[in-house]
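For reference, the chains in residue letters:
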Amino acid sequence: MTPTHHLHTLDVQGLRISLPGTARPVLDGVDLHVGAGETVALVGESGSGKTLTSRSALNLLPPGAVVEGAVRVRGEDVLTMNADQLRALSTGTVSMIFQDPRAALNPLRRIGDFLVESVTLTGSMSRADATARAVELLRAVGLDESALRKYPGQVSGGMLQRVMIAAALMGDPALVLADEPTTALDVTTQAEVIALLAELRARFGTGLLFVTHDLDLAAAISDRVYVMYAGRIAESGPAEALFARPRHPYTAALLASTPRLEAPQGRLAAIDGQPPDLRQELVGCPFAARCHLATEICGRQAPEPRPAPGSPHHQAACHHSDRLEGSPVDAR
Amino acid sequence: MPDNVLEAVGLHRAYGSVRAVDDVSFTLPEGGSLGIVGESGSGKTTTARIIVGLEQADAGDVLVRGQARGARRRGRAARLARAREVQMVFQDPLLSLDPRASVEQVLRETLSLHFPDADHDRRVRELLDQVGLGTRAADARPRQLSGGQRQRVAIARALAVEPAVLVLDEAVAALDVSVQAQILNLLADIREETRIGYLFITHDLGVVRCVTDDVIVMRRGRVVEAGPTAEVLAAPRHPYTRLLLESVPRPGWDPEAIAAARRAL
Amino acid sequence: MTAVLTRRPGLSKLRTGRSPLHLICLGLVALVTAAALLAPWLVPYDPNAVDLANALAAPSPEHLLGVDAAGRDTFSRLLLGARTSLLGPLGVVVFSTVAGVAVGMAAGWRGGWLDSVLSRSTELVFAFPGMLLAILIISIHGEGLLAPVVALSIAYLPYVSRLTRSLVLAERERPYVSAYQVQGHSALQICLRHVLPNIAPVVLAQSTINFGYALMDLAGLSFLGLGVPALTPDWGRMVFDGQAAIQHGYPLSAILPCVFIVLTVVAFNVVGERWADRVARRTP
């Protein structure tokens, strides 16, 4: 076993996934990493490939997918693992929190059974130990042990999502994949769940890959942000930099089109058109057709990620990054 | 009061012991836009369904241009008149359209119900144009359209009836941000052109700020705050409104303080 | 999809994803249907022409499938028998589908007391064995195809109405139905123009499965000598007529209609099940 301290918890390199019946890869050269104890947000609209990217960490890929590249969890390649290794991975090292907790839980099983089973079925923990751990985690997420005996139908959506978070932490994972964990929740509940995730991360040192469509939420909670568009990483970098000085026109347009409390009333700066269809082949930059900066080169040559001047970790895949000045929120 | 296109007076609706809607009143001026904000369980959707007539209020009245909406009148003419008072756009455009009907069929069906003698070809083109859909989309079925396009179809279908008020129940919540902005702009344009009144049901305060003149905030079936949108958002008086505002993610956002405030409330 | 098609456990084992079987069954259904339609022009002999000199003759160029104990040509009787044997179930399926959809739709859409009344009364029919009901009606009404068809239609109605009711209940919760209500469409318009076409594939798949069962039940009735008049060629009746001949070592005139009954029932079942599976997969 290689030492893990200098390795990324999750390291995705050049991930390219093609599905049958599509003209272009669903993921096209995705590079992404999550350091130990780091919170990373993966932002994109529906169909951008953000969910598929996060699921690749558990090798949860649709049938018929053709995969190139590497997905490593603590240095071990997930894509070449066999079924037993994957099961060990998903019960121990990597866990998932889903968007809709109600859909992810069997309504006829008690919450306690659900929590305990996730670790006892693999034999990694005895039932008594697992119950003790479940109680500890339920307390950590602000519930008490009476929740163990309840059925999913007896608790609210916000509470259920806290149960899911507790379940995700049962195996003491190094990485939690949270796929839109607050989208189905009310805003005030969302804040509570986010606060909880932040606290738990600090306490248990878990890496968090937070998949969301909400750029503001991503910026508010994460250390680094990746913005995906049409299966590629459009921009990545520290949350504040990306929010204040976006270097990809798509990020800038997303920020400008979000209805915001602070912005002046009136029309929003909407992005015309739609994301490219999977049935069409992509040449050049995928955003070119909707981009106001696009020139001839954008339709011809796909841009490579380039670092911002003086900020090597802030990268954007755009030929015209330097023409974007200031924040679109200020500009409006 | 003839200059109010829609008025709700003391609406009540209970399911068993749960008071889903508890003494809700509001007015929507002609050509105005009123937001109803609240979280799940606040009663905002039940209020909307009472307004359009999908639910009956236990008590209270809904007035359109000063006339009570006769919920119990039967017969074709009364039904059509009721439909021309209030129309609705639903949250999920895919589910709110018949999966088998093409865009053109959807519009034609509505037109032939309400305006059997009009020139339907011309009107279908007008409507598609009004919501920014090309005539190429006319033959498509809902499944072949994108989320934004589907919601445009649903808006066109509601506009085909030429209603006085359009109720939008989380009409942009299921859309991606970039598409959501397109639809919000479209709705603003339509209101400018037609002076139609909007009742905007939403949980998203950013959306409220963007498209409404006035807003009411609902919690557990009751109206906790009401007023002009700009005022309510700038200087909320009720602690719940403050909590809602603070809960919106932004840079420097402190979820823990919000969680504490929520527990305190 | 919460609605579950009613399948008898034994035959549902035949459900299969393999397409050769499905294609064979589809071909068989087509063949039997074509035979029934074209029978009057295809038969070499009058099915009731008695040729006692040739009784129990083995297959020969003149009589392709031999002759039965009464000296009638088996091939001609099989062909014409397909007509009665398919016409009966067709009547059962058409009537039970139309009435079942009407009852189920009214119960599912209106709910309340109407639902209670309709659901309880169809359950009452459910509790009463279909064959018994048929025998009862035949004994009152006398001979003829109509009585067993009506009786089995009533017996099969609950299968369709229960399915329709549950489908309508699920369908009316969908926002598009609310949308049409808000638009000012009447309940009847919404039901007929939108709900019915959306649930039709599932109901028709159930009816196709019912066809096979009705065929078996009707054949059983005519084997018992009930329903079909004595001289009418009918598969169930042929089995009855031929059973004495089996004891004399001439099984063909009884075995063949048996084989056809089994094959047709199986074919309709496989086609129906396959259709039901495809419909179930398509609806999210």
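Residues numbered from 1 in each chain as written. Chains lettered and ligands numbered in written order. Predicted model: local features only at pLDDT ≥ 70, side-chain atom pairs only at ≥ 80, totals over all residues.

### Here's the deal with the arrangement of the chains
So, step 1. The highest contact count of any of the 2 pairs of chains in contact belongs to chains A and B.
So, step 2. These two, chain A and chain C, are apart from each other, with no contact and a minimum C-alpha gap of 15 Å. (Contact = placed C-beta atoms within 7 Å.)

### Some points on the interface of chain C and chain B
So, step 1. Contacts between chain C and chain B engage 14 residues on the former and 21 residues on the latter.
So, step 2. Contributing elements (two or more residues each) for the side of chain C that touches chain B: α7 (175-183) and α8 (187-223) of chain C.
So, step 3. Sort the elements by how many residues they give to the side of chain C that touches chain B and α7(C) lands first, with 7 residues.
So, step 4. Looking at the side of chain C that touches chain B residue by residue, the class counts come to 5 nonpolar, 8 polar and 1 charged. (Helix = DSSP H or I, 4+ residues; strand = E, 2+ residues; numbered from the N terminus. Nonpolar A, V, L, I, M, F, W, Y, C, P; charged D, E, K, R; others polar.)

### What to know about the interface of chain A and chain B
So, step 1. At the interface, 32 residues of chain A touch 33 residues of chain B.
So, step 2. When contributions to the side of chain A that touches chain B are tallied by element, the ones reaching two or more residues are α7 (187-204), α8 (215-221), α9 (239-244) and α10 (249-257) of chain A.
So, step 3. A total of 8 residues in the side of chain A that touches chain B trace back to one element, the largest contributor, which is α7(A).

### Regarding the pairing of strand β8 (residues 197-202) of chain B
Residue and element names in this part refer to chain B.
So, step 1. Among the 6 residues in β8, 6 count as buried, and that is most of the element.
So, step 2. In this sheet, β8 lies alongside strand β3 (residues 33-37) in parallel orientation, the contact comprising 5 bridges. Within the sheet, the bridge partner assigned to I36 lies in β8 and is I201.
So, step 3. Relative to β8, strand β7 (residues 165-169) runs parallel, the two being bridged by 5 bridges. Residue V167 lies in a different strand from β8, and its bridge partner there is L199.
So, step 4. One crossover worth recording links β7 to the parallel β8 by way of helix α6 (residues 177-194), and it is right-handed. (Buried ≥ 20, exposed ≤ 12 C-beta atoms within 10 Å, placed from the backbone. Pairing = 2+ DSSP bridges. Right-handed = clockwise from strand over helix to strand, strands pointing away.)

### With respect to the environment of B:A59
All names here are of chain B.
So, step 1. Inspection of the secondary structure puts A59 in strand β4 (residues 59-64).
So, step 2. We classify A59 as exposed; it has 12 C-beta atoms within 10 Å.
So, step 3. Discounting residues that sit within four places of it in the chain, A59 has contacts with G10 and H12.

### Quick notes on the packing of helix α3 (residues 103-114) of chain B against helix α4 (residues 120-130) of chain B
Residue and element names in this part refer to chain B.
So, step 1. Here α3 crosses α4 at 120 degrees, and the two axes come no closer than 10 Å. The angle between α3 and α4 places the two elements in the oblique class. Between α3 and α4 the crossing geometry is right-handed. Residue-level contacts link E104, L107, R108, L111 and S112 of α3 to H120, R123, V124 and L127 of α4.
So, step 2. Its residues placed into classes, the contact of α3 with α4 shows 4 nonpolar, 2 polar and 3 charged. (Axes fitted to C-alpha atoms, helices over the stretch in contact; angles between N-to-C directions. Parallel < 35°, antiparallel > 145°, perpendicular 65-115°, else oblique. Left-handed = near helix turned anticlockwise from the far one by under 90°.)

### A short note on the UniProt feature "domain: ABC transmembrane type-1" (unreviewed entry) in chain C
So, step 1. Here, UniProt's "domain: ABC transmembrane type-1" (unreviewed entry) annotation points to residues 82-271 of chain C.
So, step 2. With 86% helix and 0% strand, residues 82-271 of chain C has its two end C-alpha atoms placed 19 Å apart. (UniProt positions renumbered as here; feature names shortened; annotations may be inferred.)

### Brief notes about the sheet that holds strand β11 (residues 306-308) of chain A
Residue and element names in this part refer to chain A.
So, step 1. Spatially, the 8 strands line up as an open sheet ordered β6-β7-β8-β3-β9-β10-β12-β11, and their pairing is mixed. What marks the edges here is a single partner per strand, and that holds for β6 (94-97) and β11. Direction aside, the axes of adjacent strands within the sheet are offset by 25 degrees on average.

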